[in-house]
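Structural overview for review
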Amino acid sequence: RSLVVVHFWAPWAPQCAQMNEVMEALAKEHAQVTFVKLEAEAVPEVSEKYEINSVPTFLFFKNSQKVDRLDGAHAPELTKKVQRHASSTSVSPSSNDVAKEDLAVRLKKLINAAPCMLFMKGSPKEPRCGFSKQMVEILNKHGISFSSFDIFSDEEVRQGLKTYSNWPTYPQLYVAGELIGGLDIIKELEASGELDTICPKACKLEDRLKALINKAPVMLFMKGNKQVAKCGFSKQIIEIMNNTGIDYETFDILEDEEVRQGLKTYSNWPTYPQLYVKGELVGGLDIVKELKESGELLPALKGEN
């Protein structure tokens, strides 16, 4: 019945080492809590099951059920979550108030995470109820750009948002942080022609990818960014790029699933990282290594060959 905290980490990520130290300190403070470390890339099936897209990520389990998660190296937040879940059996009214306040802040952030946010059962690719499926179909039919949150992935959000928005069912659609409504409301707006004026339109994915590829003369699509690489291959390519002295920009494909999947098809290149110079694909880590060894990398980055 006690709390289990699982740290998905990677030995190449310095932020994970820091969070391991935080976990050790928390373990001394909370003897009743079990802390576990799992190397994310060594257990791909587990990482995929729990949607571990970056390290460090922390999952919280009680009675074999996932009750919470934390993405990123946030020591104060980890401490707060451990304290909250470890003492949830005997929660005082004051700490209950704090938990409610924390949830309200979190819900507000989620609602404002994108200009158009859909809280649904499942994902746009795999809706897990008929109402959510219909909602996605309507939004896609009208070319509306939206992000989504799977309320099955977080029971706290699932229950809390009903109270926060005073709307008892899902799906729920928000635009610019304001609740528009559920499926019935969206159907009415579609019938009246108002839906197209309320929700932001999506630009075609191909146009968006072209714009991103040409955003800078040298563009690197990777897991993470220049400061924090989130996989070993991305870390290696960053080290090579930094040694060239050439300016380049990065795009974190973990932040945008549409770009992550779309670019594979667009470029006919199935893996990341991907390096582009003047809008043309150079290749991934292996190609960059070969160019470096042959002395052709610098001319390639300058667009000379």
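Throughout, residues of each chain are indexed from 1 in the direction in which the sequence is written. In keeping with the model being predicted, local features are shown solely for residues with a pLDDT of at least 70 and side-chain atom pairs are shown and tallied solely at 80 or more, while totals for entire chains, interfaces and linings include all residues. Side-chain calculation: all heavy atoms of the structure are included, whereas hydrogens and water are not.

As a reminder, the rule being used: UniProt positions are given in the numbering used here, feature names are shortened, and annotations may be inferred rather than shown by experiment.
Named according to an unreviewed UniProt entry, the chain is Glutaredoxin-3 originating from Crypturellus undulatus. We quote the UniProt Subcellular location (unreviewed entry) comment for the chain here in full: "Cytoplasm, Cytosol".

**Here's the deal with the environment of P270**
We count it as follows: In this description a helix means any DSSP run of H or I spanning at least four residues, a strand means any run of E spanning at least two, and both kinds are numbered starting from the N terminus. Per-residue accessibility, obtained with a 1.4 Å probe over protein chains only, is compared with the maximum for each type, and a residue is labelled buried under 20%, exposed over 50%, and partly exposed between these values.
With respect to the helices and strands, the residue P270 is situated in the loop between helix 11 (257-267) and strand 11 (274-277). We classify P270 as exposed; its relative accessible area is 59%.

**Remarks on the sheet that holds strand 3 (residues 57-62)**
Heads up, the condition is: Following DSSP output, two strands are said to pair if at least two bridges run between them. Simply put, an axis is a line fit to the C-alpha atoms, just over the touching stretch for a helix, and the angle between two N-to-C directions goes from 0 to 180 degrees.
With mixed pairing, four strands are arranged side by side in an open sheet as 2-1-3-4. At either margin of the open sheet sits one strand with a lone partner, and together these are strand 2 (34-39) and strand 4 (65-71). Taken over all neighbouring pairs, the strand axes of this sheet differ in orientation by 20° on average, direction set aside. Note: strand 3 against strand 4, six bridges, orientation antiparallel. Paired with L59 across the strands is R69, a residue of strand 4.

**Comments concerning the domain arrangement of the chain**
So the rule is basically this: Where each domain starts and ends follows an automatic or database-derived domain assignment. Buried area adds together the accessible area that both of two parts lose upon being put together, with accessible area traced by a 1.4 Å probe. Salt bridge, as used here, is a side-chain nitrogen of Lys or Arg placed within 4 Å of a carboxyl oxygen of Asp or Glu. By the convention adopted, Pro, Cys, Tyr, Trp, Phe, Met, Ile, Leu, Val and Ala count as nonpolar, Lys, Arg, Asp and Glu as charged, and the other residues, Gly among them, as polar.
Here the chain is partitioned into domain 1 (3-87), domain 2 (100-198) and domain 3 (207-302). Distance from the C-alpha centre of domain 1 to the C-alpha centre of domain 3: 30 Å. Summed over both sides, the interface between domain 1 and domain 3 buries roughly 560 Å², with carbon and sulfur atoms accounting for 60% of that surface. At the junction of domain 1 with domain 3, the criterion picks out zero salt bridges. A breakdown of the residues in the side of domain 1 that touches domain 3 according to their chemical character gives one nonpolar, three polar and one charged.

**With respect to helix 7 (residues 183-192)**
To keep things clear, this is the line we draw: Along the arc lie the directions from the helix axis toward the C-beta atoms. In this analysis, two residues are considered to be in contact whenever any of their non-hydrogen atoms come within 4.5 Å of each other.
Among the residues of helix 7, L183, I186 and L189 are the ones counted as buried. Seen from one end, helix 7 has its buried residues packed into an arc of 125°, which puts them on one side. In helix 7, the exposed positions that point more than 90 degrees away from the buried face belong to D184, E188 and A191. Taken together, the buried residues of helix 7 touch helix 5 (130-141), strand 7 (172-175), strand 8 (178-181) and helix 8 (195-198). In the stretch just after helix 7, G193 is the one whose phi turns positive, near 85°.

**Remarks on the sheet that holds strand 10 (residues 249-252)**
Spatial ordering of the open sheet is given by 10-9-11-12, a layout of four strands whose pairing is mixed. A single partner strand is all that each edge strand has here, and the edge strands are strand 10 and strand 12 (280-283). For this sheet, the mean inter-axis angle between neighbouring strands, taken without regard to orientation, is 30°. Packed on one face of the sheet, helix 9 (residues 205-213) meets strand 9 (218-222), strand 10 and strand 11 and runs near 120° to strand 9.

**Structural notes on unusual backbone geometry**
Cis rather than trans, the peptide bond between V55 and P56 has omega equal to -5°. Mapping P56 onto the fold places it in the loop between helix 2 (44-49) and strand 3. Omega for the bond connecting Y170 with P171 falls within 30 degrees of zero, at 5°, which places this linkage in the cis form. Tracing the sequence through the fold places P171 in the loop between helix 6 (155-165) and strand 7. Unusually for a residue other than glycine, N166 sits at a positive phi of about 55°. Relative to the helices and strands, N166 is located in the loop between helix 6 and strand 7. On the basis of relative accessible area, N166 is assigned to the exposed category, the value being 68%.

**So, the packing of helix 1 (residues 14-29) against helix 3 (residues 75-86)**
The test is simple: Note on terminology: angles under 35 degrees are roughly parallel, angles over 145 are roughly antiparallel, angles of 65 to 115 are roughly perpendicular, and the others are oblique. Left-handed describes a crossing whose near helix is turned anticlockwise from the far helix by less than a right angle; the clockwise case is right-handed.
Two elements in contact, helix 1 and helix 3, have axes whose closest approach is 11 Å; the angle formed by their N-to-C orientations is 30°. By the angle between their directions, the pair helix 1 and helix 3 is classed as roughly parallel. Here helix 1 and helix 3 pass one another in a crossing that is right-handed. Residue-level inspection shows M19, V22, M23, L26 and E29 of helix 1 in contact with helix 3, the latter providing A75, L78, T79, V82 and Q83. The residue inventory of the contact of helix 1 with helix 3, partitioned by class, reads seven nonpolar, two polar and one charged.

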